[in-house]
Amino acid sequence: YTTSKQELTNLTSEVNINVTGSYKEKYAYISGCASYARDSHLKNVTNLGNITYSGGTATRAAISGISANCRLLTNCVNGAENDKNKGKLIYDSTTESVSFYAGGMCQLSGNNMNAVNCVNYGSIIATERSNATGHIVGGLFGNCDTGSTTCTQIFDNCHNHGDISMLSGKALGNVKVGGGFAQI
C-alpha cells in the first residue's frame, strides 16, 4: 500500500490469493502484484496467480491482476496467453450491500491515467447472490471515471483477451461490464 510515488519494475507474481469469510473492513483491495499503488509507476509487471474473493462483508470489494488502484502502467500482463487457468479474477458474494469492482489490470484509475502495452489474458468471473449496490467490471480497467473534466487518460496498445462472466440476479444499483473498460 502506497500513496507516494514509487516505481515497481520487473516483477512476476505466481501467488494464488484466496480471501474468504466475514471480516469488518470497509474496503477490500486485493491484487496480484500491488494492492494500492495510486501514484506509483508499475513497469514490466506480470501476474500469473488467481485471485478469489468470497463471502466478505466489506462495503467495497475490488480485485485486479496488477493493482487495485493505479495511474501509470507500462508493459504489464495479467495471465498467460497460452494458459487460461492463470490470472483469473473470481468474485462470489452472498453478502448484502457490497459494491464490486474488477479489472484485469486495475479496478480504479485516477486522474492522469497512462497505460502503455498492457494485456489481460485472465478471465473475470463474478457472481452476486445478494442485494448488491452496483458492480463495475472491465477486462482491462474497471472504473476510469475521475469525475474531472480536466484530467488526461492515455491508453496505448492495451488489449483484453480474457473472458468476462457476470451473474447478478439481485443488484440494486448499476451493473457495468466492458471488454476493455466498464466506466470511463
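Scroll up for the structure.
So, here is what we can say about the structure in this document. This one's a predicted model, so the numbers in the text were calculated from it and none came from an experiment.

## So, the environment of glycine 162
Item 1. Structurally, glycine 162 is set in the loop between strand E17 (159–160) and strand E18 (164–168).
Item 2. Taking the C-alpha atoms as reference, glycine 162 lies 4.8 Å from glycine 122; in sequence the two are 40 residues apart.

## Side note on the environment of tyrosine 27
Item 1. Position of tyrosine 27 among the secondary structure elements: in strand E3 (residues 27–31).
Item 2. The sequence separation of tyrosine 27 and threonine 59 amounts to 32 residues, and the corresponding C-alpha distance is 5.9 Å.

## Digging into the packing of aromatic side chains
Item 1. Applying the stated rule across the entire model yields one aromatic pair.
Item 2. Pairing tyrosine 53 with tyrosine 91 gives two aromatic rings, centres 5.8 Å apart and planes at 0°, and the pair type is stacked. In this pair, tyrosine 53 is assigned in strand E5 (residues 51–54) and tyrosine 91 in strand E9 (residues 89–93), connecting sequence segments 38 residues apart. In this structure, tyrosine 53 and tyrosine 91 share a single accessibility class: buried.

The rules behind these values
- Residues numbered from 1 in each chain as written.
- Predicted model: local features only at pLDDT ≥ 70, side-chain atom pairs only at ≥ 80, totals over all residues.
- Heavy atoms only, no water.
- Helix = DSSP H or I, 4+ residues; strand = E, 2+ residues; numbered from the N terminus.
- Phe/Tyr/Trp six-rings, centres within 6.5 Å; stacked < 30°, edge-to-face > 60°.
- Buried < 20%, exposed > 50% of the residue type's maximum accessible area, 1.4 Å probe, protein only.

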